[in-house]
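Chain residues, written in single-letter form:
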Amino acid sequence: MAISLFAKNKKGILNRCRDDYATKMRLKYAPYYHAMEFQKDTTVRLGGRDMIMLSSNDYLGLSFHPKVIEASTAATRKWGTSTNGARSSNGSRRFHLELEEKLAAFLGREACHVHAAGYLACMTSIASFAQKGDIIYADKNIHSCLWDGILLSKATVERFSHNSPEDLRDILAATGGSDAPKMLVVEGVYSMEGHIARLPEITAVAEDRGCFTVLDDAHGFGVLGRQGRGTVDHFGLNDKVDVICGSLSKSLASTGGFVAASRDVIEYMRTQSRQTIFSAAISPTQAACAQASLAIMQSEPEHLERLWSNTKKYRKILHDLGLDTWGSETPAVPIVLGSKERVYTFWKALLEKGVFTVMSIAPAVPVGKDLIRTAISAMHTDEQLDKIGDAMAYALKRL
Ligand SMILES: Cc1ncc(COP(=O)(O)O)c(C=O)c1O
């Protein structure tokens, strides 16, 4: 009797997967998990056709920079391929400390810790510090890694309207009277919308109530601020944000993530956070690529300049066509089309014309904001931008 009950329970989960798979198979398209056959800079090959990559987060285009490739191979030769363990046990190496010191200095922080994924770093930037009984004030549009951190923390969460210090003020007035510890969670640049956080107003409101502020700058790092120091530097608000977390997989042309803060905050995370203590350290090549990219950001300003000139040109192309870019202010540029069907038609037309993009549909974005996510890189050439313009005009006609 007990055995058959267990068997039924197991089937419940299996059936969930089978039903989901059957639904996917019923649909005539599979727009995710494309495996490229080749890549060089902003050119990828898919199904034997060369295409322009227009959705990578390689903002500065450093993934094929000769110095980054050289650093990667040299690190592998010297240190092997993996650290095979957590930082807290057998996985710490000198190169981790070097990268952390350089990132901390670049961001004007006392200390930094690098994790094997940006997702992990940002998730633990909340889960390490907030606890049951605390109140977290979070922008409604934050990334899923931050929501996961909030869930893990077991704190109470209050969501405020996207990028609205006015709504945050109202919610804080209604809920922030107690002496419960409070945390503010925002992004520097919102990854889907391309919006820059209204950080001066938002931090001013949060400071009044003594919020500990966590900012995910995965898409602001390398893009905004002096030499790409990020959103906090862009606004000159270093003393208003307690924790800056982010990813190594975007402007830093690697994989992994970082958390930068004061020394006591980082030391607390190193001893109190399960995600930090029990996960393997980033590999020699990941660390070397990030460190080489960080050096290039400081010695070769042309990449950041080119990123912004490309972004301006691209935005003009889209606006001249009358496309809705959701007010994007950065190289992450959405094209809002408003329904799943329109997004699919547009995406497929771009693919036909040799431009690779990514579809984002509800619930990944708010209902009615279904969009194509595009991102500009410093490596896009003028010729590629012209081709992208032609492809956009064609896709618009196909709608
Ligand atoms: C805002 C934001 N935070 C964190 C992450 C996670 O970074 P990673 O992909 O390097 O794990 C992403 C990834 O896209 C992101 O957009």
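Residues numbered from 1 in each chain as written. Predicted model: local features only at pLDDT ≥ 70, side-chain atom pairs only at ≥ 80, totals over all residues.

This part covers the sheet that holds strand β7 (residues 182-187). Reading across from one edge, β4-β10-β9-β8-β7-β5-β6 is the order of the seven strands in this open sheet, with mixed pairing throughout. The sheet terminates laterally at β4 (111-115) and β6 (156-160), the two strands that pair on one side only. Going from strand to strand, the sheet's axes swing by 20° on average, the running direction of each strand aside. Sheet analysis places strand β5 (residues 135-139) next to β7, joined by four bridges and oriented parallel. (Pairing = 2+ DSSP bridges. Helix = DSSP H or I, 4+ residues; strand = E, 2+ residues; numbered from the N terminus. Axes fitted to C-alpha atoms, helices over the stretch in contact; angles between N-to-C directions.)

The immediate surroundings of the ligand are formed by 14 residues, with G118, S191, A218, S247 and S249 found nearest. If one sorts the elements of the shell around the ligand by residue count, helix α4 (residues 118-127) sits on top with three residues. Grouping the amino acids of the shell around the ligand by side-chain chemistry returns five nonpolar, seven polar and two charged. (Near = placed C-beta within 6 Å. Nonpolar A, V, L, I, M, F, W, Y, C, P; charged D, E, K, R; others polar.)

Let us look at the domain arrangement of the protein. Under the domain assignment, the protein is made up of domain 1 (28-57 + 301-398) and domain 2 (66-299). Taking only C-alpha atoms into account, the centre of domain 1 sits 27 Å from that of domain 2. Residue-level contacts link 16 residues of domain 1 with 13 residues of domain 2. Counting residues per element, the ones that place at least two in the side of domain 1 that touches domain 2 are α12 (302-320) and β11 (332-336). It is β11 that provides the largest number of residues to the side of domain 1 that touches domain 2, a total of three residues. Taken together, the residues of the side of domain 1 that touches domain 2 sort by class into nine nonpolar, five polar and two charged. (Domains from an automatic or database assignment. Contact = placed C-beta atoms within 7 Å.)

Spatial strand order, β11-β14-β13: three strands in an open sheet with antiparallel pairing. Of all strands in the sheet, those with a lone pairing partner are β11 and β13 (358-360), marking the two edges. Pairwise comparison of adjacent strand axes, ignoring direction, gives a mean angle of 35° for this sheet. When β13 meets strand β14 (residues 371-375), the two strands line up antiparallel, connected through three bridges. When the sheet's bridge partners are listed, V358 is paired in β14 with R373. Contacts from helix α13 (residues 340-352) reach β13 and β14, with the element oriented near 40° to β14.

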